[in-house]
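Listed below, chain by chain, are the residues.
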Amino acid sequence: MSVTAQAAAPRRLARSRFTFDRLEVLGPLFIIPAILYVVVLVGLPFLLALYYSVSAYSIFNPSYTFVGLKNFREVIDSEIFRRTLANTLIFTISAQIIGLLLGKIGAMLLMQEFPGRRLARALIVLPWAVPVSLATLAWVWMFDSLYSVINWTLLAAGLIDPAHRPQWLGQEDLAMIAVATVHAWRLFPFGVVIFLAGFTSVPQDVLDAATIDGAGFWRRNYQIILPIIAPIIMIAVIFGTVFTFTDLSVVYLLTKGGPINSTQVLGSLAFQVGILSGDVAHGAAICLFLFPFLLVAVILLLRSLRRREI
Amino acid sequence: MPRLAGKVVGQSSFYGAVVTLVVFAAFPFYWMLITTFKTDGDLYNLKSIPYWFNSPPTLEHLKYLFEDTLFVQWLSNSALIGLCVVAITLLVALPAGYGLARMPGRSGENLSIGIFLTYLVPPTLLFLPLARVVTLLGLQDSVWALVVVYPTFTIPFCTWLLMGFFKSVPREIEEAAIVDGCTIVGAFVKTVLPLSVPAILTVVIFAFTLTVQEFVYALTFISSSSEKPVTLGVATDLIRGDIFYWGELMGAALISSVPVAIAYNLFLDRFISGITGGAVK
């Protein structure tokens, strides 16, 4: 009896060892923790967000009563929300355009050899590399109502009247410009880096061949380089758009959405409604307006990743 | 002669453009630096030229920051969160990246794109439900809430980076080890991991910097000063009422962002090749 048991143990061990030696068995086991983590802490919360948005849940009355699409209707009917949606689009689009333009110019400059090039690149990348909340604080100080260095410079240059100093964060139009500036400032280094990576990936012999065939600066730029790097730029635009569209820290720290909700974006409004006012249901409904847009981003990204493989 | 003039104009407009761009990018950081070391009398004086010191630089803001605020506590909170998240990320993403890289056919590629796409799901979409999840786990108002939640964005990105790297490791190396009597796990640990040190280092730096940069989840989950990470503590707790302590604020922002910026800069090229899916090598 004891002999059999002793003999069986190593055999079972041997078999289990054999099982774990097969990649078909081990491969999925390796992947499962990652998938579980993502499902439990991204997938399930997302479903919970969906459920919040059709319930009457608030921190004062945590009931999961189903109310249908009432929250969405109320959100769309609100003046503030429509302004918010428009703001989010304005900031995102302006940041992308400025980011791409300055990104391309910056990368073309940094492609040249010149003394101090590495330092210039490191300094240009700074806005993208440092934590956004801390970088935004520097801008809050630069836009200060009284001690703004920007106003000081404009005053010294005689461009503004000392009696009417611009209140960068206190006037609707100026606050919009301030938020858009910070977003563009943060995003353009990403554009520079992406264009640099794209430019260096263009094979030199292709460029040489084009030059010999008589292509000038503009033709080389727009008919050879741009088509080659287009997929990379596309991916960068998708990421940049998602980052700006979903950001709430810049607005939260710069203007808190003010003056009077004029610079709210989807994220900051959802934070204000869902967390500060405790109306989780409406907050979740506001957040979910991000979703169709993210879906488009995902589909575009998938397509560019596929195209790259061909 | 006109040719020389043309060259001078070209050169100076080139450098002019470079300088303009560098100033636009870096001025806020210069502003942080100079604000940190200015005396209050110099800071809050509208008459003097603000670009330079009008009275001798001072260390009083930094002294106050380190001695009379929770700044050091916030820094150590951020470091703790960063280290734990890096550990969790490596533990989960290393095997996952390897498993995906060695999956037969295109299934590994497709599955990994699926995981990578969750990197696009922003905190803004999830902070409300995750606040509830954090409460259910009993972690509200604690650094551990962030330790649990941050891997949701580091794992997808790092798994993707590692999978790309493991694919470039020839399979023959592991097969040789297996023929020599190693198990698959043994072959992975003894042959693949040592070859992957650069990739692992990249993942460590990225998981750490992404974690230190995060703001939204911290803002949502944490309200006690002593549990805040540095990005949140500096942004919310150095302001009392309506009074901003600009010297301290800028000093704190500078000290906590410079190391992150340097680390990020060193590994920037790998980050770019990661998000472009290896289109750029």
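Just so it is clear, the model here is predicted, and its values are computed rather than measured.

Counting its regular elements, chain B contains 15 helices and two strands. For chain B, the C-alpha radius of gyration of 24 Å lies well beyond 19 Å, the compact-globule estimate for 281 residues. Taking the principal axes of its C-alpha atoms as reference, chain B extends roughly 80 × 70 × 35 Å. Counting across all 281 residues of chain B, residues that qualify as buried make up 46%. By sequence separation, contacts in chain B at least 24 residues apart represent 73% of the contacts at least 6 residues apart.

For chain A, the helix and strand inventory stands at 14 helices and zero strands. When the elements of chain A are put in sequence order from the N terminus, they spell out α-α-α-α-α-α-α-α-α-α-α-α-α-α. What you see for chain A is a C-alpha radius of gyration of 27 Å, clearly larger than the 19 Å of a compact globule of 310 residues, by over 25%. C-alpha atoms of chain A, sized along the principal axes, occupy 100 × 70 × 35 Å. Relative to all contacts within chain A whose residues are 6 or more apart in sequence, the contacts with residues 24 or more apart total 67%.

On to the interface of chain A and chain B. Residue-level contacts link 78 residues of chain A with 71 residues of chain B. Considering each element in turn, the side of chain A that touches chain B owes the most residues, 17 residues, to helix α2 (residues 23-53) of chain A.

A few words now on the confidence of the model for chain A. All names here are of chain A. Per-residue pLDDT for chain A has a mean of 85; in total, 91% of the residues score no lower than 70. Taking the mean pLDDT of every element in chain A, the minimum, 50, falls on helix α1 (residues 2-20) and the maximum, 92, on helix α4 (residues 79-111). Taken together, the stretch residues 1-8 has pLDDT below 50 and engages in zero contacts with residues farther than four places along the chain or on a different chain.

Counting buried residues in helix α6 (residues 132-142) of chain A gives eleven out of eleven residues, a clear majority hidden from the surface. Along α6 of chain A, the residues that are buried comprise Val132, Ser133, Leu134, Ala135, Thr136, Leu137, Ala138, Trp139, Val140, Trp141 and Met142 of chain A.

Tracing the chain through its elements places Gly283 of chain A in helix α13 (residues 280-288). In this structure, the C-alpha to C-alpha distance between Gly283 of chain A and Leu266 of chain A, residues 17 residues apart in sequence, is 9.5 Å. Residues within four places of Gly283 of chain A in sequence aside, it is in contact with Ala270, Val273, Gly274 and Ile275 of chain A together with Leu128 of chain B.

Turning next to the confidence of the model for chain B. Low-pLDDT portions of the prediction should not be read for the details of their coordinates. All names here are of chain B. On average, residues of chain B carry a pLDDT of 85, and 95% of them reach 70 or more. Taken element by element, chain B is modelled with least confidence in strand β1 (residues 239-240), mean pLDDT 68, and with most confidence in helix α7 (residues 143-149), mean pLDDT 94. Confidence estimates for the predicted assembly give a pTM of 0.86 and an ipTM of 0.86.

A separate point is the packing of helix α5 (residues 117-129) of chain A against helix α14 (residues 246-266) of chain B. Here α5 of chain A crosses α14 of chain B at 115°, and the two axes come no closer than 9 Å. With respect to each other, α5 of chain A and α14 of chain B are oriented roughly perpendicular. For the crossing formed where α5 of chain A meets α14 of chain B, the hand is right-handed. Along its contact with α5 of chain A, which presents Ala122, Val125, Leu126 and Ala129 of chain A, the element α14 of chain B presents Val260, Ala261, Tyr264 and Asn265 of chain B. Residues of the contact of α5 of chain A with α14 of chain B, tallied by class, amount to seven nonpolar, one polar and no charged.

Before going further, it helps to examine the environment of His183 of chain A. Among the secondary structure elements, His183 of chain A is positioned in helix α8 (residues 172-201). Sequence separation between His183 of chain A and Ala95 of chain A is 88 residues, and the spatial gap between their C-alpha atoms is 5.8 Å.

The residue Lys256 of chain A is not glycine, and still its phi comes out positive at about 55°. Mapped onto the elements of the fold, Lys256 of chain A is located in the loop between α11 (249-254) and α12 (266-276). In this structure Lys256 of chain A comes out as partly exposed when scored by C-beta crowding, with 16 C-beta atoms within 10 Å. With phi around 65°, Asp141 of chain B is a residue other than glycine that occupies positive phi space. The residue Asp141 of chain B is located in the loop between α6 (123-136) and α7 in this model. Exposure remark for Asp141 of chain B: the 15 C-beta atoms within 10 Å place this residue in the partly exposed category.

About the cut-offs
- Residues numbered from 1 in each chain as written.
- Chains lettered and ligands numbered in written order.
- Predicted model: local features only at pLDDT ≥ 70, side-chain atom pairs only at ≥ 80, totals over all residues.
- Helix = DSSP H or I, 4+ residues; strand = E, 2+ residues; numbered from the N terminus.
- Rg over C-alpha atoms; globule rule 2.2 N^0.38 Å.
- Buried ≥ 20, exposed ≤ 12 C-beta atoms within 10 Å, placed from the backbone.
- Contact = placed C-beta atoms within 7 Å.
- pLDDT = per-residue confidence, 0-100.
- Axes fitted to C-alpha atoms, helices over the stretch in contact; angles between N-to-C directions.
- Parallel < 35°, antiparallel > 145°, perpendicular 65-115°, else oblique.
- Left-handed = near helix turned anticlockwise from the far one by under 90°.
- Nonpolar A, V, L, I, M, F, W, Y, C, P; charged D, E, K, R; others polar.

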